[in-house]
Each structure stands twice: as C-alpha cells, then as structure tokens.
Amino acid sequence: MDKDILPVEDASELSDWRLPLSFMKGRHSESIDGLPPMDESWRVKERLKTWSVALALCLNIGVDPPDVMKTNPCARNECWIDPLSRSPQKAMEQIGNNLQKQYERWQPRARYKQLLDPTTDEVRKLCLALRKNAKNERVLFHYNGHGVPKPTTNGEIWVFNKSYTQYIPLSIYDLQVWMGKPSVYVFDCSQAGQIVDSFKLFARERESEFFLESSTNVSNSQMNCFGLLEGSILLAACGSKELLPMNPKLPADLFTACLTTPVKTALLWFCLQRVSKLVKGVTIDMIDQIPGKLNDRKTPLGELNWIFTAITDTIAWNTLPRELFQKLFRQDLLVASLFRNFLLAERIMRSYNCTPESHPILPPTYQHPLWYAWDLAVDHIMSQIPQLLNKTAEYNPSTFFPEQLNAFQVWLISAPDINQPPTQLPIILQFLLSQAHRLQALELLGRYLDMGPEAVHAALSVGIFPYVLKLLASKLRELQPILVFIWAKILAVDNGCQSDLVKDGGYKYFISVLADNTMQYEYRTMAAFILSAISKNYQKGKEVCLQNNVISICLAQLDEPNAVLKQWLAICLGRLWYKYDAARWCGVRDSAHDKIAPLLWDEIPEVRASAVYCLGTYISNTSDDGQRNSHAINIEQNAGVMLLSLVTDGSPLVRRELVAAFHGIIQQYEREFQIAALRCSENERMVPSNLSTSLTPGGWINVFIDATQDTDARHNGVSGRSPQNGDLINGEGFVGSYYGSSSDSSETEDKVFDTPPKVGPGSQSFGVPVARYHDTLSTRSMYAQIWRGIQILASDPCPFVSQQAENIIQTVHDKIRQTSKARNISMPSLTTSLSAPTTASPTLRTTTTKAHTIGRSPRGGITPVITVEPLPSPQSYIPSPVHTLPPRMKKMSDGDSDSDKSDSNGTSSSCTTHFCDWCSKYFANSLMKQPQDCDRFSESYLQREFRFLRNNTMREDAKQLKDNLDKAKFTDQIFVNKETKTPQDLMFHPYLPQLVVLHKTSWSVWDIDQGSKLCTYNNGNTTSKITAAEFINPHDISFLLTGTDDGSVRIWKNYSSEDGNNNPKMITCWRALSDIQHGSKNVGMVLEWEQQTGLLYTTGDVRYIRVWDTHKELKIQDIITGAESCVTSLALDVHDKSLMVAGCGDGTVRLYDKRNPMSSSLVQVLREHTSWVLDVHVQQPINNIVSVSSNGEVRKWDPRFTKSVHGFTTMLGTNVCTVHHSVDLLACASYQAIKLYNIESKDVVSNIKYHDGFMGQRIGPTKSLAFHPYKLWMAAGGTDGLISIYSSERKK
C-alpha cells in the first residue's frame, strides 16, 4: 500500500495526530499485578567481622633458610624496615609492631597478637584462644615464612623449637582444627600455593570423614571443621612452584606490602617502571614525602587512596560473580580491604613472575582497562610532587572522578543495554563520600535507577544501600528531591528495606517531606509511597507512622489537585490502619471516612480504586478486644453505603477493589450477612409475608412465621417477587430502592417492635444474636443492600470481579450449610441466581422436631433451621417448634488484599487483589524517559506516521466518491464467504481491509484482500447477545468495542489476531446500562462512539441515553429520551459536536442538544414516521438528518425545521438498512432482495437478487448490511451465514 499513499507537505500536521487515544493507560495494557519478588542476593546474608588477628613472623633474622639460595644483593626490607640495620631482637619487635600498625589501618578495633619466631605450642595456644574469643566471627592468621624453609608437599609450614636450633614442621591439618571457621589465612612465603593446595585437600578429606562417620561418633572438632573450605579465605603470595622476588629495590615482603600498604607499594612500583622516567624530578625517596594523609581526600596522598579504592572496587564489581563479590567485598571490612589490595598484588607480582593465589579463586584482573586510569592518576599526581615539596606550586586535583562522571553520563544517554550495568557504577559510591560531587552523583544515580528494576537491583548489589541510608541524616534541602526519588525507586523494587528505615529513623525524613506543602507534588507523592511501603504488613512501621501523625498529614492533603498524590495518600492510609485498630481510631477521630469519601467520585479511576481500598481496610478492621461499639458500627455502615454507589463504576479496577472491600465488611458482620443471604436468596422464596420479629431478654431477635397468616396470604394471592437488576433488598426482605428501604417496610418494622408477637402453635421462629450489632431497620437494610451489591457484582462482565463475588457468596452459603450439616438439619437451596421467581410461594419449615434453646449457643456455632419447600395445603400444615439462628461465628478469614489464604477445604476464602502492588510499579518503571512517540526517528513514531498518511489518503480518495456515484452499480462481488453462525451485524474497519462479523456470543474478523478469516473469538457473554460494536482508535492501533443486550460493554485489543501469543485480550469492561427492559421486540444495546472526545453514548431498550467519559471511566450524564419506547438508532454530529439524533421504536426522531442541561436537552421531536425507525444518520458537513423506518419511509430533515425537506419510500418489508458515511447512498434489504438508492435523486442505484459467479443461487433473507465509510463497498450477511461484499469497481 506504500505506493498508493498520497504525499503531504508536513506529515506532522495531519489531523490524526490531534485525535486523542482511548484505553491506552497502564490499567488497560498491563495485568493488575505487582513486580515479581526480587532476588535479595544484594543483601549481605551474614555480616561478619574479623575481631582477632594472629601475626606469625618466622624471620630468624641473620640466618637464611637452607633451601633458598638468595642473590646478593637481594630484597631485605620487612614492613619497610631493614632488619640488618639494628639488632635482631629490636628489628624483630619493630617489624612486628609495624605489621600490626599496617593492619590497624584497615581494622583498628581488632584484637592483635604477635607471634615472633614462634614454636608449635605458641601457635596452637594462640589460635585456640583467638577462636574461643571470636566465637562465630572471623579470625585472621598472617604467616611470614621468609626465615624458614619452603612449605612441604605434605602440607606443612615451618616454625622453631624453643632454643631456635631446629625448624619444626607445623601441619596445615592441625592449623585447620585450631583456627576453625570462619577464618582468613595470609601466607607470605615462597611456594605459598602449595599451602593452598594442601589446605583444600585436607578440608575435603575432613568432609569425607564426616559423612562416613556415624552422627553419634562425630567429635566437636570434627563438627567445627565441617564446611571448613567454604568458611575459609586464603591468600598466598605465589604459586606452588614459584619463589618470591629478590629484587633489592623491592621489599622482601612485597605481597604483605601490597596487602597492607597498597598506595605506597604502587608508587614504588611506578617509580621502578620505565614510564616513570617521563616524569622528571621524581625519585623513590619522595614517596614518603608526599603531602597529606590517607584519609584526607583533599590532599595528594588522600586522593590517591580514594582513587585506588574506587578503581579496585570497580574492577572487582565488573569481574567477579555477584555472589562472590558480595562475600569478599561487602561482608567484612578487613576482608574487603585485603581483596582490593590483592588485586594490586596480582598486578605487581605478576610483573616479577609470581602469580598470587587465593581461595575462593578470582579471575585474572591484572590487565583490566581501569588500571590504565590508575596509572594516569598516579602520573598526574607524581608529576606535581617536586613542585609541592619545593612549595613552588599548588596542588592540582586529579581529573579522574570528573572524567568517570562524564563517562557515566555518556553511558546513560547512549541508549544502553540495561542488562549490562555501566563500568562506573561502583565509582558512583565514592562520589557520595564527597560533598562537592554528591549532588551530581545522586542525580546521575537517580537517572540510572529510573531505567527499571534491573538497574535498582544492580545498584543495590554494588552496595548503594548503606550510602543512601546514611544520607537521610543530611539536612540539606537541595538533596531532598533526589533522595526521595532514589528511595522511591528502591522500595518499589524491594520493600524489604522498610525495616532498615524504621531501625535507623530514616522514616522521619520522608514524613518531613510529605508534610512540607512547599515541596513539589511529585516528591510528596513519592514520600507518601515510601511511607505506605514502610507500613505495608509491618507493625513497627505502622507504629512509628502513627506516632508521627502521618494520618493527619495525609488527611490534610486529600483535597490536593494532583491525582497521583491523592492516590498514594489514600493507599498510605489504607495500609497504615489495615489490621491496626489504634490507627483506625485515630482516623475515626479525624473523620477520615468523610474526608476520603469525595475521592470515590474522582475523575481518575486509580484514585477511586485507592479510595475504595482505603475505606475497605478502614471498615474491615478488627478491634483489639473483638468488640465494636455503636459509634464504630455507625461509621462502618456509612462507609459501606458510600461504597454501594460504585457497584456500576465504569472501571474494573474500582470494582475489583470494591469486591475486596465488601468482603472485608462481610468478614466483620458475618452473622448479619448470613441472614441477609437467607432473605435475599433463591427468588426471595425464603421470606414469606407472614414474617415478624421480637426481642428476647437473652439478647436475641426471634423471627416468627405465622402459619395461619401464611394460609390467608396464599388464598389472597400474595406472593413475593425476586430482586431485579438495579434493585436492592431492604432488611425485611421487601424490594426497595437502591439506597434505602421502602416506607411500607418501615411501618411494618415499627409495628413489630411495638408489639412483639408470641410464639404460638401456628408459628415458628428462629433467633438472631444482637450482642454485637444493632438489628434496626437501617442496619439490616445496609446489610441487604451490600449483599445485593455483591449479587450484582457476581454478574459483572469482568471475569475477575464476577469470580471473586461468586466466591464470597459461595463462602457465606457454605458456612450456613456446614453448620446445618453439623446439626443434621436440612437447609434450603442457596444460589446467586437473579432470575424471576416461580409463581408458587414457599414456606419456611424445619426438618426436626427437637426444640433448640432460644439464647446464646454455648459453642458459638450456627444452628440453621429453615428449609424451602412448596407450600403445603392448609389441612396438611403441621406447626413447627421454635428454632434459633446462632450467634456470629468466627470470622471467615483474615484475608488481606496483599496475600492469598485458603480455608481447610482448600477453597479461597479471601478476596485477593494486587492493586497496591500494581500501583507500586509506577515508581519501579521509568519516570523520566520520554515516550518513543516523541522521538521522530523512533520506530513507533514512524509506524504511526505511516498509519496517519494511509488514513489521510483514504479520506482524500473518499472525497471523489460523489463524482463516481452516478456510475456505481454494485454489481461486482469482491468477497464471498460463509460463517457457521448467522451474522447479527457487520462492520468495516475504516482504514484496514477488515470486516468484523458479529454473532450472538462471538465475533469473527475477515481479511478482505486475502479472503481469509483472521480469527473467531468468544465475547464472554453466555446469556446475552451482541447487538452493537464500534472501533476504538480506528486511526491508530484499533480496539474492538462490543455491546450486549444485558447492558455490558467489552473492549478488546489484538481483536484480529489468533496466533497463540497475541490472542484477543479484553482490556476493560463495564455495565453501561444497568436496567435494560426486555419486551416482545428488543433492540438490545445501541452505541455511538465519539473519538474526538472519548465519549461513549449508550442506549437501547431503556428510556434514557447514558453518556460515558471513557477517559475518566465515569458516567457523566443520563439524557432522558422522553419517548415511551426504546431507542433503535443513534447518530452524532461529529463536526459541530452539539447535535445528537435518536430514532425510536415509536417512529419518532428526537434531537438533543448536548450542551443543554439534562432536563432540557431534548430540543426537537420529528414525527413523520409511522413505524419503527431502523436507522438515523447525520450527513456531514451540512448536518442534514436521514431517517429510515421499517415500512420503507425515508426522510431527510433540516434540524432547524419540524418537517422533512425530502422523502421517498423504498420497498415494503424493509428489515434492515444502512446509510453511507461519505455519499448520499442508502441500502435497504427485505426478504430476498437488496436495493441501493441515491437519497438525493431517489433513484435505484442497484438491485441485488442473485449471487454473481458460478454459485448462481438466490440470496437468503438478509440479516445485516454495512457500508464501508470511505469506499463504495457494501457488505451483506444472510440468515444462511453467507457474507458478501459488493463493490462498484472490480477487485484488482
């Protein structure tokens, strides 16, 4: 079709760009579920600390080991001290002290013990003592074996005897027992890799022995060594066959120097490289004179240390597996420092042909590109040292961190792959330590977290959490927005952080932000979300929020104009007082339900749903003592009545929460709703007209059925009727209005309580406990209304809503049946049916002759006693004894909307929604990213542009149809196929070659060009039939709207696909008309869609036209038709947008001005038709009205006059007709003929009686007709299932 598209000067000026899209929100395109549970591997499972350190130095100064041939000169310095420069004893002590100080730089609080040229006993005693004191913490064993022989292949290292005359072997096997686990070992000696190999071998042997031994024979030492390999960390200076470097310019303990003094060692190594010659004036002696301190980042030495930490952390993050990174670099401060420095040791020692080894094994990192950044930073700083020492220049800080920030920013704007985290992510953590870079780093971090849950998980894995947690103590106002943003992102992905915020007092930060009315809406919204996350199923979180007046703060802002803020204020309140009675009573004191009530009618469905959730948790709370006072009951009843108005809300999101809220109410008043169920079930046959009540001294209400009155009522023809759609049943079982009980019912109730009847031989009764509720008319009316609301929701077009409502009804009925079965009593049939009653009036009769005590049941169980049977004759009626309905049972469940629970039978007894979790995804997804449609070079934008150009071409071509109308004959049959079902209606897509065929309960989509069926799909209506359909967003990605004769509307996406992956999916549904009246001739539902405004006009077998705003998913107007018959057709003036035309079953054509108030919107009634109006059409752009009636009368009207300006009569027996959208063309069909008329000239354009082609058969009775809006195509569907498309031009 590309070659047929007309070029335009500027595609961005096409009118389709200005048309709004409907049903494109997240609630339509997503499943209402939260994010999948996050893998909390980022959280360190077990934090360990190294509290005890043993420093074993076997140097034997002055005596070289016998198995090592040293060069002359060779490396001598130990801990940067020349041992030969002083006496051996003093040198040994100073070396030990220096090593301890070097370790204290990384862990100053640890307990250090030195072993200077130790014996085996000294090592054993110290290791056992350290393990005993450390308990389950780590112990570090540092071994320097430069003065003893190399480790043996038997797994032994060397120490001394007491007189230092012999080298004594110390088995690693024994050392494992003494050290236990968890432990860290550092071996600085030649062939240190041999120790690592032996250690692993011995550890595996121990585990094998452990499994072979009987559990009763396992000693404590064996138990302590089980899992030794997993609990041990080893660092070795070189491989099992390698010797340590002997370069005299290097320290003898080069490996130890790298581990404990990395910056100094790195600078020394830098000066020894050839590249250092490029830096003039720098000598090795200057290394110790570099100005500054390691912990002062503003000095050269401090900045070098800062850069080194950032680079080694980043190399480890980008190289190691996540779990290993967590264990080695985030679990223990000292271990993390050692492994960061170990990366440097690997780089330096490999340059001297030594390969350091470790357990766990690390991948090689010595060639990582970031080492070049380290070399550049060292080069930049060292080049300034001569001038700094001479004080001839000021220090110029390194550009390393600004360059890394720029690199991170470039990565963010380069459309990166989120599954590959940026290299610079760990460096961002170091920026947070710098006040100068903190704000910029936080902003970049926020942009990264905004990329989605994967980014949040990566940031948490790298260790961002403790940094942003500590920043909550900051008082800087400029940090508030970005910190709130970051925390909203974190909690949206991992709600488990709530305990950390409560423990460290971080919640106060967000309370202050929420209470600050000068803060922007979006940040207050995020603060409300964070507080709601803190309160979610976390008692301590709820308590601190209550103590800090979060309820009052939220209630005070409910009138803010921002919808998302109101939504999260309501959710925060709901989560705060859910199962927390103290918070609920705080809300009661602040009249919370009255302040939340206006949100129930908010324009935004998410706000309405959050208000329902909030009120639902408010009502369904259980008091601490299990009792409810009259004030609480009154509030709950008022809130319950408020919720009733949302039973027919246009958003499934709201109705889902409504079912959950009703379920909470039923849980709290289970006994009362069981009575309501008995009164309202099975066509109301369970409550005869002779029912009356009386209050007993024991706190019960006796309900009496008088047999004689019942007999009189039967003779007088008195019988009840079942509730119809839209009705509610009052507390006495009489049919009343939706919002209250009838006056007759009220009078009856007053009489009952004034003169309580007595139990006589001709009556039966059952008792109802009132210890915990007031059984007045208003309360029972409320229970019956809510129960009726649940019954209406059980027939909701949304499968989730109807299923949950049916589950609630079934649960209540099951409770009654279970108790009845336990008492061996037959119960009546309890159903959710809303059908009309049978003519026979039933009576209530017990199935046992045993009398039950009137009063409280000692076990608190139900004693149902009534059964429904047809009325017996007066002669056969036997009086029945008194029975009681029991006190309220234990609650059905304590189901939470955030969790699934089941009863003992395995059936779900909780009404579960995931609305709040789904709302949380708003913060987990990107909030900053612009839609792709805003990018004129994105694929989605170009696709839309193509569609709009295609549409424009189609409309431009349609302007030429008038010139071709005289030549149009519709003799060419371009499409013919047969459906298995009779097509009820046909509809062309305006821009795609598609024909939608409507059946009673399904629809099919045909590809006109290919002549093939694309799909057939069930509409989901089983007891009703489809009577109308419309295309939503036809100019873009289209949806299919179907309307059924029960008043329900369903909207489908992927309506033409049936490939298994993209099946048609219902994105929303609601009951647009709630009280359709069926008669002998029904039109069902009539629809008219207005794309420009997003308004849906619905009518049909009702006396009004209901207008729905689909953007708000709210009913905005009911226009009374003023007719005594149904509305058969509807038409809109799409240009002027004020005129609406309705054709009625009484032959009138009624004109409405949509700008007028509802009471005066009817402005004209046209009365020339004498029979059923089949179709009305508004011709554009002249606004003339064309109407066609069932007796063939055609009238053209000028809306300014009451008489038609043009008219003629088509063939008799017209049963279906249609008017073309673009030209004056009318098609009418009778039994076996279709005629097309030129409306203006009254001429017959075409007369179709036979199929063209080889079939040569007579056409069957025509059931449906449709014109293509922009082409001279007409589709006809017959009762035989045959579908044909006729065109004025032959198919190419």
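The structure we're discussing is the one just above.
Description of the structure in this document. (Residues numbered from 1 in each chain as written. Predicted model: local features only at pLDDT ≥ 70, side-chain atom pairs only at ≥ 80, totals over all residues. Heavy atoms only, no water.)

## A closer look at the overall build of the protein
Right, so step 1: Each helix and strand in the protein was counted, giving 38 helices and 43 strands.
Right, so step 2: The proportion of buried residues among the 1292 residues of the protein is 59%.
Right, so step 3: In the protein, 67% of the contacts between residues at least 6 apart in sequence involve partners at least 24 apart.
Right, so step 4: Accessible surface, the protein as shown: approximately 53800 Å² in total, 50% of it carbon and sulfur. (Helix = DSSP H or I, 4+ residues; strand = E, 2+ residues; numbered from the N terminus. Buried < 20%, exposed > 50% of the residue type's maximum accessible area, 1.4 Å probe, protein only. Contact = heavy atoms within 4.5 Å. Areas by Shrake-Rupley, 256 points an atom, 1.4 Å probe, with all protein chains shown as cover.)

## Considerations on the sheet that holds strand 41 (residues 1262-1267)
Right, so step 1: Pairing is antiparallel across the open sheet formed by 4 strands, whose spatial order is 16-43-42-41. For this open sheet the edge positions go to strand 16 (972-978) and strand 41, each flanked by a neighbour on one side alone. Shown here is a sheet whose adjacent strand axes are inclined to one another by a mean of 15°, direction ignored.
Right, so step 2: Taken together, the 5 bridges between strand 42 (residues 1273-1278) and strand 43 (residues 1282-1287) define a ladder with antiparallel strand orientation. Bridge pairing links Met-1274 to Tyr-1286 in strand 43. (Pairing = 2+ DSSP bridges. Axes fitted to C-alpha atoms, helices over the stretch in contact; angles between N-to-C directions.)

## Here's the deal with unusual backbone geometry
Right, so step 1: Pro-182 follows Lys-181 through a cis peptide bond whose omega is 0°.
Right, so step 2: A cis amide bond, omega 5°, links His-359 with the succeeding residue Pro-360.
Right, so step 3: Considering the arrangement of structural elements, one finds Pro-360 in the loop between strand 8 (357-359) and helix 12 (370-382).
Right, so step 4: Phi at Asn-537 takes a positive value of approximately 50°, unusual for a residue other than glycine.
Right, so step 5: Within the secondary structure, Asn-537 sits in the loop between helix 22 (521-535) and helix 23 (539-547).
Right, so step 6: Even without being glycine, Phe-970 reaches a positive phi, approximately 55°.
Right, so step 7: Topologically, Phe-970 is positioned in the loop between helix 38 (961-964) and strand 16.

## Remarks on the packing of helix 29 (residues 630-644) against helix 30 (residues 652-668)
Right, so step 1: With their axes 11 Å apart at the nearest point, helix 29 and helix 30 run at an angle of 150° to one another. Judged by the inter-axis angle, helix 29 sits roughly antiparallel to helix 30. Crossing handedness for the pair helix 29 and helix 30: left-handed. Along the contact surface, helix 29 presents Gly-640, Leu-643 and Leu-644, while helix 30 presents Leu-658, Ala-661, Phe-662 and Ile-665.
Right, so step 2: The residue inventory of the contact of helix 29 with helix 30, partitioned by class, reads 6 nonpolar, 1 polar and no charged. (Parallel < 35°, antiparallel > 145°, perpendicular 65-115°, else oblique. Left-handed = near helix turned anticlockwise from the far one by under 90°. Nonpolar A, V, L, I, M, F, W, Y, C, P; charged D, E, K, R; others polar.)

## Points about the sheet that holds strand 21 (residues 1026-1032)
Right, so step 1: Read from one edge to the other, the open sheet built from 4 strands follows the order 21-22-23-24, with strand pairing classed as antiparallel. Looking at which strands have only one partner, the edges of the open sheet turn out to be strand 21 and strand 24 (1065-1071). Taking the axes of each pair of neighbouring strands and ignoring which way they run, one obtains an average angle of 20° across the sheet.

## Looking at the pairing of strand 31 (residues 1149-1153)
Right, so step 1: Extensive coverage of strand 31 is indicated by the burial of 5 of its 5 residues.
Right, so step 2: Of the strand pairs in this sheet, strand 30 (residues 1139-1144) and strand 31 are connected by 5 bridges, and their pairing is antiparallel. The residue of strand 31 that forms the bridge with Met-1140 is Tyr-1152.
Right, so step 3: Counting the residues in the hairpin turn of strand 30 and strand 31 gives 4 residues, including Gly-1147, whose phi is positive at 90°.

## A closer look at the pairing of strand 25 (residues 1085-1090)
Right, so step 1: Along strand 25, 5 of the 6 residues are buried, which leaves the element largely enclosed by surrounding structure.
Right, so step 2: With 6 bridges connecting them, strand 25 and strand 26 (residues 1095-1100) associate as antiparallel partners. Note on strand 26: the bridge partner recorded for Trp-1089 is Leu-1096.
Right, so step 3: Adjacent in sequence and paired antiparallel, strand 25 and strand 26 are bridged by 4 residues, among which Gly-1094 carries a positive phi angle near 75°.

## Notes on the nonpolar core
Right, so step 1: If you look at the biggest cluster of nonpolar residues, it comprises 228 residues, and the most contacted ones within it are Tyr-448, Trp-487, Phe-510, Ile-530, Ile-596, Leu-643 and Phe-662.
Right, so step 2: For this core, the leading source of residues is helix 19 (residues 480-493), giving 11 residues.
Right, so step 3: When sequence neighbours within four positions are dropped, the list of residues in contact with Tyr-448 reads Phe-408, Trp-411, Leu-412, Ile-418, Pro-421, Pro-422, Leu-425, Ala-455, Ala-458 and Ala-459.
Right, so step 4: One finds Leu-115, Ala-134, Val-159 and Leu-170 within the second-largest nonpolar core, a separate group that totals 35 residues. (Core = buried A, V, L, I, M, F, W, Y, C linked by side-chain atoms within 4.5 Å.)

## Observations concerning helix 25 (residues 563-577)
Right, so step 1: Here helix 25 contains 15 residues, and its C-alpha end-to-end distance of 22 Å stays within 8% of the 21 Å for a straight helix at 1.5 Å per residue.
Right, so step 2: With 13 of 15 residues buried, helix 25 is to be regarded as a mostly interior element.
Right, so step 3: Lys-579 sits one or two positions beyond helix 25 and adopts a positive phi of about 55°. (Expected span 1.5 Å × (residues − 1).)

## Considerations on the environment of Ala-373
Right, so step 1: Residue placement: Ala-373 occurs in helix 12.
Right, so step 2: Under the relative-accessibility criterion, Ala-373 is labelled buried at 18%.
Right, so step 3: For the pair Ala-373 and Phe-308, spaced 65 residues apart in the sequence, the C-alpha separation amounts to 9.9 Å.
Right, so step 4: Apart from residues lying up to four places away in sequence, Ala-373 is in contact with Ile-311 and Phe-400.

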